[in-house]
Amino acid sequence: MKKISVVLLMCVAVAATLAGCTKSSTGCQVQDPSKEEAAIQAFIAAKGITATKSSRGLYYQIITPGSTSRPQNTSVIYCTYKGTLLDGTVFDQQTNPGLTGFQLSGLIEAWKIGLPLIGKGGSIKMILPSALGYGCTGSGSSIPPNTPLYFEMTLVDFFN
């Protein structure tokens, strides 16, 4: 009986130690989109973009609607794009759609919202609050945390 008590006590001690070793929160908090609204509006005005605001906060302008069929969340998309910070700094760009082939469901929220608005051959401009992009973590050294972004995209093709 004493051995069982000792083993049980050791298990409790190990569990308590492991519980104390869990990762602490990084304190990362997604920026409230309303705090980015002025910067987004200034960008839209400066670029002369006629944007529509989606219910989720994505600003977009459809340049060319493309075909009538639209990609779905499960679609694999082939696109060309240029992504910039609002100050014009290019953080990513792809001119060869053959190097994309992304499943839409695995991409940032803004792309999941914006790309289904156009069809094959369509193009769109998207201005997004950080919450629909890379949020409070940013992405590498090129996209700081809580940074609104701008994309110009052409949906070259997609497969459902």
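Residues numbered from 1 in each chain as written. Predicted model: local features only at pLDDT ≥ 70, side-chain atom pairs only at ≥ 80, totals over all residues. Heavy atoms only, no water.

## As for the pattern of salt bridges
Point 1. This structure, assessed with the given rule, holds four salt bridges.
Point 2. The residue arginine 56 makes a salt bridge to glutamate 109 at a minimum N-O spacing of 3.0 Å. Placement of arginine 56 in the loop between strand S1 (52–53) and strand S2 (59–64) and of glutamate 109 in helix H3 (residues 109–114) is noted, with a sequence separation of 53 residues between them.
Point 3. On the accessibility criterion, arginine 56 (47% relative accessible area) is partly exposed.
Point 4. For lysine 112, the salt bridge goes to glutamate 109, with nearest N and O atoms at 3.0 Å. Taken together, the residues span about one helical turn, with lysine 112 and glutamate 109 both in helix H3 at a distance of three residues. (Salt bridge = Lys/Arg side-chain N within 4 Å of Asp/Glu carboxyl O. Helix = DSSP H or I, 4+ residues; strand = E, 2+ residues; numbered from the N terminus. Buried < 20%, exposed > 50% of the residue type's maximum accessible area, 1.4 Å probe, protein only.)

## Brief notes about the pairing of strand S4 (residues 90–94)
Where a strand is regular, its side chains alternate between the two sheet faces.
Point 1. Here strand S3 (residues 76–85) runs beside S4; their pairing, made up of four bridges, is antiparallel. Along S4, the bridge assignment pairs glycine 83 with aspartate 92.
Point 2. Counted between consecutive antiparallel strands, the loop separating S3 from S4 contains four residues, among which glycine 88 sits at a positive phi close to 95 degrees. (Pairing = 2+ DSSP bridges.)

## Thoughts on the nonpolar core
Point 1. Counting 25 residues, the largest nonpolar core has Ile77, Trp111, Met126, Leu128, Phe151 and Met153 as the members making the most contacts within it.
Point 2. Only S3, H3, strand S6 (123–128) and strand S7 (149–159) provide two or more residues apiece to this core.
Point 3. In terms of residue count, the dominant contributor to this core is S7 (five residues).
Point 4. If you look at the next biggest cluster of nonpolar residues, it comprises seven residues, including Ile40, Phe43, Tyr59 and Ile127. (Core = buried A, V, L, I, M, F, W, Y, C linked by side-chain atoms within 4.5 Å.)

## Remarks on the state of the cysteines
Here, the word disulfide means a covalent bond between the sulfur atoms of two cysteines.
Point 1. As enumerated under the stated definition, the model contains one disulfide in all.
Point 2. Between the sulfur atoms of cysteine 28 and its disulfide mate cysteine 136 the distance is 1.6 Å. Judged by the sign of its S-S torsion, about 105 degrees, the bond between cysteine 28 and cysteine 136 is right-handed. Placement of cysteine 28 in the loop between helix H1 (2–20) and helix H2 (37–47) and of cysteine 136 in the loop between S6 and S7 is noted, with a sequence separation of 108 residues between them. (Disulfide = S-S within 2.5 Å.)

None of the figures reported here should be taken as evidence of function without further support.
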